[in-house]
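Chain by chain, the residues run as shown.
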Amino acid sequence: MFAIDVQNLTKNFRDVVAVDNLTLQVKEGEIYGLVGPDGAGKTTTLRLLSGVLKPDKGEGTVTGFRLFHDREEIKENISYMPQRFALYTELTVEENIRFYADVFEVPPKVWRERAERWLKMSNLFDFKNRLVQNLSGGMKQKVALICALIHTPKMLLLDEPTNGVDPVSRRDFWGILYGLLKEKVTILVSTAYLDEAERCDRIGLLYHGRMLLEGDPAAVKNRFPGQVAEIICGERERVKSLLQDLEGVQDVIVSGDRIHVHLDDFKRRESVVRERLKGADIQAECFAPVSPSLEDVFMSLVQREQKKGEAG
Ligand SMILES: Nc1ncnc2c1ncn2[C@@H]1O[C@H](COP(=O)(O)OP(=O)(O)OP(=O)(O)O)[C@@H](O)[C@H]1O
Ligand SMILES: [Mg+2]
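So, how was this worked out
- Residues numbered from 1 in each chain as written.
- Chains lettered and ligands numbered in written order.
- Predicted model: local features only at pLDDT ≥ 70, side-chain atom pairs only at ≥ 80, totals over all residues.
- Heavy atoms only, no water.
- Near = heavy atom within 4 Å.
- Polar contact = N/O pair within 3.5 Å; in protein donor to acceptor, adjacent residues only side chain to side chain.
- Helix = DSSP H or I, 4+ residues; strand = E, 2+ residues; numbered from the N terminus.
- Nonpolar A, V, L, I, M, F, W, Y, C, P; charged D, E, K, R; others polar.
- Domains from an automatic or database assignment.
- Pairing = 2+ DSSP bridges.
- Axes fitted to C-alpha atoms, helices over the stretch in contact; angles between N-to-C directions.
- Buried < 20%, exposed > 50% of the residue type's maximum accessible area, 1.4 Å probe, protein only.
- Contact = heavy atoms within 4.5 Å.
- Phe/Tyr/Trp six-rings, centres within 6.5 Å; stacked < 30°, edge-to-face > 60°.
- Lys NZ or Arg CZ within 6 Å of the ring centre and 35° of its normal.
- Donors = N, O, S within 2.8 Å, 3.2 Å for Na, K, Ca; no water.
- Parallel < 35°, antiparallel > 145°, perpendicular 65-115°, else oblique.
- Left-handed = near helix turned anticlockwise from the far one by under 90°.

Caption draft 1: Structural context of the site of ligand 1. Taken together, 13 residues are adjacent to ligand 1, and Gly39, Gly41, Lys42, Thr43 and Thr44 come closest. Within the side chain of Asp38, one N or O atom sits 3.4 Å away from an oxygen atom of ligand 1. Within the side chain of Gln83, a nitrogen or oxygen atom sits 3.0 Å from an oxygen atom of ligand 1. Only β2 (16-27) and α1 (42-50) provide two or more residues apiece to the shell around ligand 1. Looking at the shell around ligand 1, the element that brings in the most residues is α1, giving 3 residues. A per-class count over the shell around ligand 1 returns 5 nonpolar, 5 polar and 3 charged.

Here it is, written out as structure tokens:
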């Protein structure tokens, strides 16, 4: 049974196609990650699914109800946490939670128990009487999540909930999400962090409103066309410009302190790459094949699409 089952969703804003013929199925109880660069259409997709926006085209169901037509019923089943979730900054953490609990008519005994559990899990319990305006960005995001969850919806739509949140708070945040999966809540989360995408049951890469690739993280990585060789060395940008035009090199991606060279065939190209580095007096600590990461797969697809766009 699908919690989300929509076909050919399309949404235009004047001359921008924000969502382009998107078909999406999310199973009940799974966590699905929507990944894509800025402007890919993630927010628009979530707004369409939640019934905030009317699609120009397309149809389907969300929690069993018809997209947009039955938006009142859908609203009762979902909780949508927008990119900028509105908390009341002049109220305390606990007052905000109580406000959202009241809106959804959650009995005090129930919301108090949940709030206490989640505040403890996210290391916020000691801050429950603090005004929201005096919280850090990461703390605000966690409070927003607790408010969005307080009526335990059937489905959560989260739009980049951990954007700008520090790694410790992000871990707390994901702890709460995993706890919800045990309660059979379906989660659709958009994220720009690929380490978070790795934690999802399935992921989809959105680009210019279209789904470029979809699957579980392991399967997505297996679909990488070619091989990835990793170089560790100090002069990353120089290495990139030296290698990117070599025959057999599809892309050169700088990722943290590493360089990933996307090759058609490592064995065949290895010596040419080594010579090129040696000729430029570059000392590489290592140059060896590695398994493709999600970033490799996504960057190669996005760059291919960009090249197509420039050509056409
Ligand atoms: N209300 C609007 N009016 C006009 N254009 C819009 C509107 N909302 C979105 N767009 C355009 O639609 C496209 C998709 O935007 P969207 O906000 O869905 O992307 P996103 O993937 O959420 O990006 P980000 O990662 O920056 O949040 C962009 O080109 C954006 O400029
Ligand atoms: Mg967005």
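Next comes the rest of the account.
Caption draft 2: Expanded view of the domain arrangement of the chain. Partitioning the chain into structural domains gives domain 1 (2-220) and domain 2 (225-291). Relative placement of domain 1 and domain 2: their C-alpha centres are 38 Å apart.

Caption draft 3: Broad picture of the sheet that holds strand β3 (residues 31-35). Strand order in the open sheet formed by 6 strands is β6-β7-β8-β3-β9-β10, and the pairing between neighbours is mixed. For this open sheet the edge positions go to β6 (78-81) and β10 (210-215), each flanked by a neighbour on one side alone. Along the sheet, successive strands turn relative to each other by an average axial angle of 15 degrees, direction set aside. Pairing geometry for strand β9 (residues 202-207) and β10, over 5 bridges, is antiparallel. Within the sheet, the bridge partner assigned to Leu205 lies in β10 and is Leu213.

Caption draft 4: Main features of unusual backbone geometry. If you check the backbone angles, Asn8 has positive phi at about 55 degrees while not being a glycine. Tracing the backbone through its elements, the reader meets Asn8 in strand β1 (residues 2-13). Judged by relative accessible area, Asn8 falls into the partly exposed class, the value being 35%. Phi at Asn21 is positive, roughly 60 degrees, even though this residue is not glycine. Take Asn21: it is sitting in strand β2.

Caption draft 5: Seen up close, the sheet that holds β2. The antiparallel open sheet is built from 4 strands, whose spatial order is β2-β1-β4-β5. Each end of this open sheet is capped by a strand with a single partner; those strands are β2 and β5 (65-66). One ladder, built from 8 bridges, connects β1 with β2; its direction is antiparallel. Directly across from Phe2, in β2, lies its bridge partner Lys27. Lying on the sheet, α1 is in contact with β1, β2 and β4 (57-62); it crosses β1 at an angle near 120 degrees.

Caption draft 6: Quick look at the packing of aromatic side chains. Tallied over the entire structure, the rule returns 5 aromatic pairs. Considering the side-chain rings of Phe85 and Tyr100, the 5.4 Å spacing of their centres and the 35 degrees angle between planes classify their relative orientation as tilted. Highlighted residues: Phe85 in the loop between β6 and α3 (93-103) and Tyr100 in helix α3, separated in sequence by 15 residues. Exposure remark for Phe85: the relative accessible area of 17% places this residue in the buried category. Its relative accessible area of 13% is what places Tyr100 among the buried residues. Residues Phe99 and Tyr100 carry aromatic rings whose centres are separated by 5.2 Å and whose planes lie at 90 degrees to one another, so their mutual orientation is edge-to-face. By the ring-pair criterion, three or more aromatic residues cluster together here, those being Phe85, Tyr88, Phe99 and Tyr100. The ring centre of Phe68 lies 4.0 Å from the NZ or CZ of Arg71, which sits over that ring. Stacked on the ring of Tyr193, the Lys or Arg Arg170 has its end atom at 3.9 Å from the ring centre.

Caption draft 7: View of the coordination of the magnesium ion (ligand 2). Bound to the magnesium ion (ligand 2) are the protein donor atoms Thr43 (OG1) and Gln83 (OE1), situated 1.9 to 2.4 Å from the metal. Here Thr43, found in helix α1, pairs with Gln83, found in the loop between β6 and α3; they are 40 residues apart in sequence, far enough to count as distant.

Caption draft 8: Representation of the packing of helix α5 (residues 137-149) against helix α6 (residues 167-182) within the structure. Two elements in contact, α5 and α6, have axes whose closest approach is 10 Å; the angle formed by their N-to-C orientations is 15 degrees. One finds that α5 runs roughly parallel with respect to α6. Handedness of the crossing formed by α5 with α6: left-handed. From α5, Gln141, Lys142, Leu145 and Leu149 reach across to α6, where they touch Ser169, Asp172, Phe173, Ile176, Leu177 and Leu180. Split into classes, the residues belonging to the contact of α5 with α6 amount to 6 nonpolar, 2 polar and 2 charged.

Caption draft 9: Structural view of the environment of Glu247. Among the secondary structure elements, Glu247 is positioned in the loop between α9 (236-243) and β12 (249-255). Glu247 sits in the exposed class, given a relative accessible area of 64%. In this structure the C-alpha to C-alpha distance between Glu247 and Lys221, which are 26 residues apart in sequence, comes to 23 Å.

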